[in-house]
Protein chains: 2
Amino acid sequence: MTQFTKRTPDGDTHERAVCDQCGYVAYENPKVVVGSVVVHEGKVLLCRRAIEPRRGYWTIPAGYLELHETVEEGGARLKLDGILAVFSISRIGQVQVIFRARFDGAADFAPGVESLDVRLFDWADIPWDELAFPSVHWSLHAWRSAGDGLLGAPAGNPPADRRGLSPETPVKASI
Amino acid sequence: MTQFTKRTPDGDTHERAVCDQCGYVAYENPKVVVGSVVVHEGKVLLCRRAIEPRRGYWTIPAGYLELHETVEEGGARLKLDGILAVFSISRIGQVQVIFRARFDGAADFAPGVESLDVRLFDWADIPWDELAFPSVHWSLHAWRSAGDGLLGAPAGNPPADRRGLSPETPVKASI
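Everything quoted here is computed from the prediction, not taken from an experiment.

Cut-off values and rules
- Residues numbered from 1 in each chain as written.
- Chains lettered and ligands numbered in written order.
- Predicted model: local features only at pLDDT ≥ 70, side-chain atom pairs only at ≥ 80, totals over all residues.
- Heavy atoms only, no water.
- Helix = DSSP H or I, 4+ residues; strand = E, 2+ residues; numbered from the N terminus.
- Buried < 20%, exposed > 50% of the residue type's maximum accessible area, 1.4 Å probe, protein only.
- Contact = heavy atoms within 4.5 Å.
- Areas by Shrake-Rupley, 256 points an atom, 1.4 Å probe, with all protein chains shown as cover.
- Lys, Arg positive; Asp, Glu negative; His and termini not counted.
- Charge placed at Lys NZ, Arg CZ, Asp CG, Glu CD.
- Buried area = accessible area lost by both parts, 1.4 Å probe.
- Salt bridge = Lys/Arg side-chain N within 4 Å of Asp/Glu carboxyl O.
- Polar contact = N/O pair within 3.5 Å; in protein donor to acceptor, adjacent residues only side chain to side chain.
- Nonpolar A, V, L, I, M, F, W, Y, C, P; charged D, E, K, R; others polar.
- Pairing = 2+ DSSP bridges.
- Least-squares fit on C-alpha atoms with pLDDT ≥ 70 in both.
- Expected span 1.5 Å × (residues − 1).

Visitor: Explain the overall build of chain A residue by residue, including any values.
Guide: A count of helical and extended segments in chain A gives two helices and ten strands. Here the C-alpha coordinates of chain A stretch approximately 55 × 40 × 30 Å along the principal axes. In chain A, buried positions account for 45% of the 175 residues. Long-range pairs, those at least 24 residues apart, make up 60% of the contacts in chain A with a sequence separation of at least 6. When the accessible surface of chain A is totalled, it reaches about 9100 Å², and 49% of it is carbon and sulfur. Within chain A, one finds 19 positive and 23 negative side-chain charges whose respective centroids are separated by 4 Å.

Visitor: Hey, could you go over the interface of chain B and chain A for me, with residue numbers and the actual values?
Guide: How big an interface is tends to be stated in terms of accessible area lost as the parts join. Contacts between the two partners involve 46 residues from chain B and, on the opposite side, 46 residues from chain A. Summing both partners gives a buried area of about 3900 Å² for chain B against chain A, and 64% of it is carried by carbon and sulfur. Where chain B packs against chain A, one counts two salt bridges. The partner of Glu66(A) in a salt bridge is Arg16(B), and the shortest N-O contact between them spans 2.8 Å. The tally of links between chain B and chain A comes to 16 residue pairs in polar contact (both at pLDDT 80 or more). Within the residue set of the side of chain B that touches chain A, elements represented by two or more residues are β2 (16-19), β4 (31-40), α1 (71-74), β8 (78-89) and β9 (94-103) of chain B. Grouping the constituent residues of the side of chain B that touches chain A by class yields 25 nonpolar, twelve polar and nine charged.

Visitor: Outline the sheet that holds strand β3 (residues 25-26) of chain A, supporting the account with residue identities and numerical values.
Guide: All names here are of chain A. The strand order β1-β2-β3 describes an open sheet built from three strands, whose pairing is antiparallel. Two strands bound the open sheet, and with one partner strand each, they are β1 (4-7) and β3. Pairing analysis gives two bridges linking strand β2 (residues 16-19) to β3, with the strands arranged antiparallel. When the sheet's bridge partners are listed, Val18 is paired in β3 with Val25.

Visitor: I'd like to hear about the sheet that holds strand β3 (residues 25-26) of chain B, residue by residue, with values.
Guide: All names here are of chain B. In spatial order, the strands read β1-β2-β3; together these three strands make up an open sheet with antiparallel pairing. Each edge of the sheet is formed by a strand with only one pairing partner; in this case those strands are β1 (4-7) and β3. Sheet topology places β1 next to β2; four bridges connect them, and they run antiparallel. The residue of β2 that forms the bridge with Phe4 is Cys19.

Visitor: A description of the relation of the copies chain B and chain A should follow, citing residues and the corresponding values.
Guide: Each of the two chain copies can be generated from the other by rotation about an axis followed by a shift along it. It takes a turn of 180° to lay chain B on chain A, together with a shift of 0.0 Å along the axis; the resulting RMSD is 0.1 Å. Between the two chains, the operation in question is that of a two-fold axis.

Visitor: I'd love a proper account of helix α2 (residues 134-146) of chain A, names of residues and values included.
Guide: All names here are of chain A. If you check α2, its first and last C-alpha atoms are 18 Å apart, about what 13 residues at 1.5 Å a residue would give, namely 18 Å. Taken residue by residue, α2 has Ser135, Val136, Trp138, Ser139, Leu140, Ala142 and Trp143 as its buried positions. In the core, the buried residues of α2 are packed alongside β4 (31-40), β5 (43-49), β6 (58-59), β8 (78-89) and β9 (94-103).

Visitor: An account of unusual backbone geometry is requested, with residue identities and associated values reported.
Guide: Generally, phi is negative for residues other than glycine and the peptide bonds are trans, each holding for most cases. In the segment running from Glu52(A) into Pro53(A), the intervening peptide bond is cis, with an omega of -5°. With respect to the helices and strands, the residue Pro53(A) is situated in the loop between β5 and β6. You will see that Glu41(B), though not glycine, has its phi angle at about 50°, which is positive. Looking at where Glu41(B) falls in the secondary structure, it is placed in the loop between β4 and β5 (43-49). You can call Glu41(B) exposed: its relative accessible area is 72%.

Purely geometric numbers; function is a separate question.
Below you can see the structure in the form of structure tokens.
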């Protein structure tokens, strides 16, 4: 079993997990999640999660960006309008880049292995109490604010909503 | 010495580096760089790099986001106007979030350990041939396009400029 000890390597400013045996430094950086608010005829696409965490709850299509992918490739098979929001979920080391998107071609969709169900919802029918994460709320509200026209500057974390932030995050980290 | 073998773990879709001895999976994801075009009285702040790569060349202030930081904290000690651009440098697994920023207080600055020099430049005096990275060019041009007023949707990679992209990236990855 590899044993890691937390220490600050020479010339570094942060503690890292360093292997006791070989000195390998396991840098841990935030991961990028790319998601999309997919809009079709005024409705929005939501997926019911088939996997933990939050199995059974609804989310927008999203996933971790893989190494050597661009953020646009992370939103592949959709027609991306532009960036709607950039959220930091610093508690769990995530940066989320949320696009506004449409189907690239017909509105053909079916649940993949990570979804129990996929549906288009009118705003009034969105299952608000069964959304998987705060950032799903934020994304949907960012879309509602931006509308379907030209996109302005992307939304950030709502200043008053500290869910997802590290305890160390200053109260007013908003831009 | 830890020995890693490239293989696809069960239930995964990508090859990962897996330790031969203990099965530790070294996930490698893109890293987030947070940078700022810092504007003061119509001039822009550039830093001459004291470190490799591109020692001696000019760049905007930028750095890797640390785990449990928000993107706004990554741009700390500046007053952030908003997000000017999101670039993907997929060849080296980076996503860059570039803010437009001002000094938070007086325009007090001096080179840190990673810089040989720090200066404010008029647009006409920017050392274009001595900029460290393509994304410094892109950031400065994104600022020039956006001006100093309200920020619109952030810029992405210039569609015709493939520097920094993975060879696998489709030619038209722009949004």
